[in-house]
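An overview of the molecular structure
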Amino acid sequence: MSARQAAELGHRDDATVYQRLRAAQRAMSRDLLRDPVTLARGLDRTFRMRPHLRVIGEALAGVERGDYDRLMIFTPPQVGKSTVVGEWCPFWWLCLHPADAVVVTSYGDDLALRRGKTVRSYVEEYGDEYDLRMKPGSGAMQDWSVTSGGGVRSVSVGKGLTGHSANLLIIDDPHKDRADAESDASRNALHDWYSSTALKRLQPDRNAVVGILTRWHPDDWAGRRLAEEGRVEDGGRWKVVHMPAIANPSKFGPDPLGRTDGEPLPHPKIPTKNRRKLIAWWADMKRTSIVRDWHSLAQGDPQPAEGALVSEDLLRLIRDRDEGVTPQKIAVAIDPSGGGRDTAGVVGGYLGDDKRVWITHDVSKAMSSAEWSTAACLLAHETNASIIYVEWNFGRDMAVLALSNSWEAAQRAGLIPADVLMPAITPVRAKQGKLLRAEPVAQLMVQDRVRLRGVFTDLEREWSTWMPTDPDSPGRIDASSILVYGLIPEANKGAIVHAPLPTAPQPGGVTAAEQSAAAGLYGRRIGR
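All of these numbers come straight from a predicted model, not from anything done at the bench.

1. Digging into the packing of helix H3 (residues 51-65) against helix H4 (residues 81-96)
Their axes nearest at 11 Å, the elements H3 and H4 cross at an angle of 35°. Crossing of H3 against H4: the hand is right-handed. Touching Leu-53, Ile-56, Leu-60, Ala-61, Val-63 and Glu-64 of H3 are Lys-81, Val-84, Val-85, Cys-89, Trp-92, Trp-93 and Leu-96, all from H4. Looking at the contact of H3 with H4, its residues break down into 11 nonpolar, no polar and two charged.

Here you go:
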């Protein structure tokens, strides 16, 4: 082989290698278009993958495939959803559909413009790989186009869409803050704009709406959409991805991450495996937020502005850490749950020498009878309670039996010393509805006869937001009412009655058959 032939062969080999490398590069680039999160991870070395971002990416891919055309995403702030949905998603969409018009809206021009500028920077930096190039002369940051015909328009909600089409409409935080969301005029203006203007810009060949927002109000943009059009799983139109800071599938339904009650949401700046740090992060957010803000910002669970019982301001005023009060009678109160399907109220406190009831502990949550009875026994031991009040509307003997068995089990497990006597158990029965039971206790709070030893976020939220029409059973309200009535008997005007006192010594134990029968009867009676 001559030198000339070898050179030609080498040149052909170099060209072949280059072509193969280029083909591999393009294949990798196409693989990155699976969803916007995969694209972000592949192009941006600073992007931190987390499980919840993967869920968001898959949900957006479902929109693009046509599985559904309406998507809402609810997460706490600062976990990456706006970066994924408001910035990477428009770029990813244009890579797949370069002739489409993408509209990014938000409560203010500045935020919308910032999103549009970031998407444009992605086109300029990474667009060549996807044959995506800026159109010459497309200089306006809020409205620019690519050579293939598509582009991005970034505007605030309420304006800026007349004469512009949209294949993908992204609504990022349409409400500026709580005050804006609680204004009837602001909410109605937003609803009207969405209905009369935004939806009319969508095109028939391909159209989708993606919304991400803080749920400030039950009738906010998301609330109205869900009320009018429903969720996909209920036969409606909207796919909803709801990932609260602290998982609560017993209330919100199956968690998209498969988390159980109490599990924390991952955070882009905290390693997913560092569960302790994640819990501490969300606990700090909860501690430093007012009750309604925590449920709106972190849990995606907006609460009404007015409560049926007491105000948030009053609850803040009755918080007190004064250690100078001497307990005169310490008690635990229980509102049993219905087979673990709703919240079992388990609250501890005492009557002080200042004649006030002090609520000191709240360990309420969704629990089975074995769980709430154990929680109550451990709390009674921890606080040195002399009495346990338990509502017996759904079975006095079964409630007493559950507590007795749990105390003995805790002693066998070494959680309670064997020589510690169990507190007296006093079953009580409610004679009035939940509201009529709670209103006198709320009045005692107004009269400064009830105080909170610290901050009880969930208990306070229930007192300040629960309405008689709510389907949820207010376990914390009921338990704290039972506690107050037990410690201040004169406050009880027929709301509850104590069980008749025994007139003869009671048997010290029950047979296994009796225990089994009682447990089964208890499970049937407490179903709600």
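2. Here we look at the packing of aromatic side chains
Tallying each qualifying case throughout the model produces 11 aromatic pairs. Look at Trp-92 and Trp-93: their rings are 6.1 Å apart centre to centre, the planes differ by 70°, and that puts the pair in the edge-to-face class. Across this residue pair, the class does not change: Trp-92 and Trp-93 are buried. Of the aromatic side chains, those joined through ring pairs into one cluster are Trp-88, Phe-91, Tyr-122, Tyr-126 and Tyr-130. Sitting over the face of the ring of Phe-74, Arg-215 holds its NZ or CZ atom 5.4 Å from the ring centroid.

3. Thoughts on helix H5 (residues 109-126)
Between the first and last C-alpha of H5 there are 26 Å, a value that for 18 residues agrees with the 26 Å anticipated at 1.5 Å per step. Taken residue by residue, H5 has Leu-111, Ala-112, Arg-115, Gly-116, Thr-118, Val-119, Arg-120, Tyr-122, Val-123 and Tyr-126 as its buried positions. In this structure, the buried side of H5 is in contact with helix H2 (36-43), H4, strand S2 (101-106), strand S3 (143-145), strand S4 (151-156) and strand S5 (168-172).

4. What to know about the side chain of Arg-225
Position of Arg-225 relative to the elements: it lies in helix H8 (residues 221-229). Reaching out from Arg-225, the side chain makes a polar contact with the side chain of His-191 at a distance of 3.4 Å. Residues contacting Arg-225, with those up to four places away along its chain left out, are Met-72, His-191, Tyr-194, Gly-230 and Trp-238.

5. Some points on the environment of Pro-174
Note on placement: Pro-174 falls in the loop between S5 and helix H6 (178-182). Taking C-alpha positions, Pro-174 is 5.0 Å from Ser-106, a pair spaced 68 residues apart along the chain.

6. Re the packing of H2 against H4
Pairs of packed helices are described in terms of their axes, by the angle between the two and the distance that separates them. It is at 9 Å that the axes of H2 and H4 come closest, and there the two elements cross at 90°. When the axes of H2 and H4 are compared, the pair comes out roughly perpendicular. Judged by residue contacts, Pro-36, Val-37, Leu-39, Ala-40 and Leu-43 of H2 engage Val-84, Trp-88, Cys-89, Phe-91 and Trp-92 from H4. For the contact of H2 with H4, the residue count by class is 10 nonpolar, no polar and no charged.

7. Quick notes on the sheet that holds S4
With mixed pairing, seven strands are arranged side by side in an open sheet as S3-S4-S2-S5-S6-S1-S7. The open sheet has two free edges, formed respectively by S3 and strand S7 (238-242), since each of these has just one partner strand. Going from strand to strand, the sheet's axes swing by 15° on average, the running direction of each strand aside. Of the strand pairs in this sheet, S2 and S5 are connected by five bridges, and their pairing is parallel. The residue of S5 that forms the bridge with Val-102 is Leu-168. Those strands touched by H4 are strand S1 (70-74), S2, S3, S4, S5 and strand S6 (208-212), and its axis lies near 165° from that of S5.

8. Quick word on H4
At Trp-88, H4 shows its largest bend, some 40°, and a proline, Pro-90, comes one to four positions later. With 14 of 16 residues buried, H4 lies mostly within the body of the structure.

9. Some points on the pattern of salt bridges
Applying the stated criterion across every chain yields a total of 36 salt bridges. With a closest N to O distance of 2.7 Å, Asp-67 and Arg-65 form a salt bridge. Judged by its relative accessible area of 47%, Asp-67 is partly exposed. According to the relative accessible area criterion, Arg-65 is exposed, its value standing at 55%. In this structure, Glu-462 engages Arg-476 in a salt bridge whose closest nitrogen and oxygen atoms are separated by 3.9 Å.

10. Structural notes on the side chain of Thr-38
Along the polypeptide, Thr-38 turns up in helix H2. Reaching out from Thr-38, the side chain makes a polar contact with the side chain of Arg-34 at a distance of 3.3 Å. Excluding residues within four positions of it along the chain, Thr-38 makes contact with Asp-31, Leu-32 and Arg-54.

11. Description of the pairing of strand S8 (residues 327-335)
Here S8 pairs with strand S9 (residues 343-352) via eight bridges, running antiparallel. By the bridge assignment for S9, Val-332 is matched with Gly-348. As judged from the four bridges shared by S8 and strand S12 (residues 387-391), these two strands associate in the parallel manner. Residue Ala-333 lies in a different strand from S12, and its bridge partner there is Tyr-389.

12. Remarks on the pairing of S9
The buried count for S9 comes to nine of 10 residues, which makes it a mostly enclosed element. For S9 and strand S11 (residues 365-366), the ladder comprises two bridges, and the chain directions are antiparallel. Paired with Thr-343 across the bridge in S11 is Ala-366. Note that S9 and strand S10 (residues 357-362) share five bridges and pair antiparallel. Looking across to S10, one finds that Val-347 is bridged to Asp-362. Linking two consecutive strands that pair antiparallel, namely S9 and S10, is a turn of four residues; a positive phi of about 70° is found at Lys-355 within it.

13. Regarding the confidence of the model for the chain
Summarising the model, the chain shows a mean pLDDT of 85, and 83% of its residues fall at 70 or more. Note on residues 506-528: pLDDT under 50 across the span, and 30 contacts to partners over four residues away in sequence or across chains.

The rules behind each value
Residues numbered from 1 in each chain as written. Predicted model: local features only at pLDDT ≥ 70, side-chain atom pairs only at ≥ 80, totals over all residues. Heavy atoms only, no water. Axes fitted to C-alpha atoms, helices over the stretch in contact; angles between N-to-C directions. Helix = DSSP H or I, 4+ residues; strand = E, 2+ residues; numbered from the N terminus. Left-handed = near helix turned anticlockwise from the far one by under 90°. Contact = heavy atoms within 4.5 Å. Nonpolar A, V, L, I, M, F, W, Y, C, P; charged D, E, K, R; others polar. Phe/Tyr/Trp six-rings, centres within 6.5 Å; stacked < 30°, edge-to-face > 60°. Buried < 20%, exposed > 50% of the residue type's maximum accessible area, 1.4 Å probe, protein only. Lys NZ or Arg CZ within 6 Å of the ring centre and 35° of its normal. Expected span 1.5 Å × (residues − 1). Polar contact = N/O pair within 3.5 Å; in protein donor to acceptor, adjacent residues only side chain to side chain. Parallel < 35°, antiparallel > 145°, perpendicular 65-115°, else oblique. Pairing = 2+ DSSP bridges. Bend = angle between axes of the 7 residues up to and from the residue. Salt bridge = Lys/Arg side-chain N within 4 Å of Asp/Glu carboxyl O. pLDDT = per-residue confidence, 0-100.

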